[in-house]
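If you want the building blocks of each chain, they are given just below.
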Amino acid sequence: ADCRYTCHQECRSLIQLDCRRPGQGQGQLSPESTLLPPCSQNVTQPVEEEKPQPLTTQEIKQKIEKYNAKVTNCLLMKLNDDGTYTGFIKVHLKLRRPVTVPAGIRPQSIYDALKEVNLAEMTDKRTSFYLPLDAIKQLHISSTTTVSEVIQGLLKKFMVVDNPQKFALFKEMRRDGQVLFQKLPLTEYPLHLRLLAGPDTDVLSFVLKENETGEVEWDAFSIPELQNFLMILDKEEKDKIQQVQRKYEKFKQRLQQTLKEARGKPG
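Residues numbered from 1 in each chain as written. Predicted model: local features only at pLDDT ≥ 70, side-chain atom pairs only at ≥ 80, totals over all residues. Heavy atoms only, no water.

1. Side note on the nonpolar core
Where we set the bar: What we call a nonpolar core is a set of buried Ala, Val, Leu, Ile, Met, Phe, Trp, Tyr and Cys residues that are connected through their side-chain atoms within 4.5 Å. Exposure is judged per residue with a 1.4 Å probe applied to protein chains only, and the accessible area is read against the type maximum: over 50% gives exposed, under 20% gives buried, and values in between give partly exposed. Secondary structure is summarised from DSSP: a helix means a run of H or I of at least four residues, a strand means a run of E of at least two, and numbering begins at the N terminus for each. Note on contacts: a residue pair is in contact if any heavy atoms of the two residues lie within 4.5 Å.
By size, the foremost hydrophobic cluster in this structure holds 31 residues, and its most contacted members are Ile-89, Val-91, Phe-167, Leu-169, Phe-206 and Leu-208. Among the elements of the structure, α1 (57-70), β4 (85-93), β5 (99-102), β7 (135-142), α3 (147-157), β8 (167-175), α4 (190-197) and β10 (204-210) are those that each provide at least two residues to this core. Looking at which element gives the most residues to this core, the answer is α3, with five residues. Excluding its chain neighbours within four sequence positions, the residues that come into contact with Leu-208 are Val-91, His-92, Leu-93, Lys-94, Leu-95, Ile-151, Leu-154, Phe-167, Ala-168 and Leu-169.

2. Some remarks on a nonpolar patch on the surface
Put simply, the test is: Residues enter patches when they are more than 30% accessible in relative terms and free of salt bridges; like-charged ones are connected within 9 Å and nonpolar ones (Val, Leu, Ile, Met, Phe, Trp, Tyr) within 5 Å. Each accessible area value is a Shrake-Rupley result obtained with a 1.4 Å probe; residue values ignore everything except the protein chains displayed when judging cover. Within this document, salt bridges are pairs made up of a side-chain nitrogen of Lys or Arg and a carboxyl oxygen of Asp or Glu, the two lying within 4 Å of each other.
On the surface, Val-244, Tyr-248, Phe-251, Leu-255 and Leu-259 cluster together to form a nonpolar patch covering roughly 510 Å² of accessible area. Looking at the element boundaries, Val-244 is found in helix α5 (residues 223-262). Exposure remark for Val-244: the relative accessible area of 39% places this residue in the partly exposed category.

3. Concerning the packing of aromatic side chains
For any two aromatic rings, the description comes down to two numbers: the centre-to-centre distance and the angle of the planes. The following threshold applies: In this analysis, rings of Phe, Tyr and Trp, with Trp reduced to its six-membered ring, are considered paired at centre separations within 6.5 Å, and the interplanar angle assigns stacked below 30 degrees, edge-to-face beyond 60, and tilted for intermediate values. We call a charge positioned over a ring when the NZ of a Lys or the CZ of an Arg lies within 6 Å of the ring centre and within 35 degrees of the ring normal.
A full pass over the atoms with the stated rule returns zero aromatic pairs. Positioned over the ring face of Phe-170 is Lys-209, at 5.2 Å from the centre of the ring. Above the plane of the ring of Phe-181 lies Lys-209, whose end atom (NZ or CZ) is 4.5 Å from the centre.

4. Overview of the environment of Phe-88
With respect to the element layout, Phe-88 can be found in strand β4. C-alpha of Phe-88 to C-alpha of Cys-74: the two residues are 14 residues apart in sequence and 10.0 Å apart in space. Sequence-distant contacts of Phe-88, that is, excluding residues within four places in its chain, are made with Tyr-67, Leu-75, Leu-76, Gln-138, Leu-139, His-140, Leu-191 and Arg-194.

5. Concerning the confidence of the model for the protein
As a reminder, the rule being used: Note on scores: pLDDT gives the predictor's confidence for each residue, bounded by 0 and 100.
Predicted confidence across the protein gives a mean pLDDT of 77, with 69% of residues reaching 70 or more. Low pLDDT, under 50, characterises residues 21-49; the stretch is placed with 44 contacts to residues that sit more than four places away or in other chains. The model gives residues 109-115 a pLDDT under 50, and that stretch makes five contacts with residues more than four places away or in other chains.

6. Overview of the side chain of Thr-145
Rules: Think of a polar contact as two N or O atoms within 3.5 Å of one another; within protein, one of them needs to be a possible hydrogen donor and the other a possible acceptor, and neighboring residues in sequence only count if both atoms come from side chains.
Tracing the backbone shows Thr-145 in the loop between β7 and α3. By relative accessible area, Thr-145 is classed as buried at 15%. One polar contact links the side chain of Thr-145 to the main-chain amide nitrogen of Ser-142, over a distance of 3.0 Å. Setting aside residues no more than four positions away along its own chain, Thr-145 makes contact with Val-150, Glu-188, Tyr-189 and Pro-190.

Here it is, written out as C-alpha cells:
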C-alpha cells in the first residue's frame, strides 16, 4: 500500500522489507501486507521444463532414420547393437578472452592423434593468443558423451591448457527472429539434443563460450595468465584513449574550420 512492493507467496521467506509507513515512526511493513497470490498474471515466472522420458531402442531407431533422411551431407548417425549411437556435432567457438597454449611446439599430426600423444605435456613454456572468433570445429561423438567431455575434447584438439572450468557449452536456438542461448549442464548429452532437434543448425547449434558465472574465479588462472590479461587490458585501454582523442581532435578541427568560414558573415 505504501512502497508498492509485491511478491509471490512462495517468495515470502526471501523478502526483507525495510520501508516504513508515513507517520508511523519506527513501524515496519509486514510481508503479509504485500503478498500476491501465486502465479499472478502481472508477474512473469520462469517455467521449469519437464524432463522427457528416456527413449526406447525402437524410438531411437526411428528418430535416427528420420534424422539421416534429412542429412544433406555424409554426417549420418549410426545405431549400435547396445542401443547407443554415434554421430557428428558442430561447435562454434565464440571466445572473447585469450587462451593459453604450449609455446614452441609443432602442430599435431595424424600419428599424434592416433597414438593420443599429448604435445602440451612436452613443454612447460606457455603463451596466450586469441582463437579466431566464430571458428567451427566438428566432433564425432557418442550418445554417452557428456558436455564435460565435449569441452575437454575441444580444448585438447586446439592444445589449450586452460582449466576446462573456464569454459561452458551453450545451445543456440532461434525463435521468432530472436537468438536464444542456454547454458548446458556438464552432464547433458549433446548428441541426444542433436538427434531430437534434427540436423538443421538453424534450429539448434552448439557454442563454446567463456563460463560466465557472474563472478570471475581468479584462482583458476595462473600468474602468467593474469599477467597476460593485464597486458591485454592495458593495451585495450591505451587504444581506447587514442580513439577518443582522435575523435575529439577531428571534431575540434571541423569546429575551427566552421568558425573560420563563418567570420565576416552576417548573423
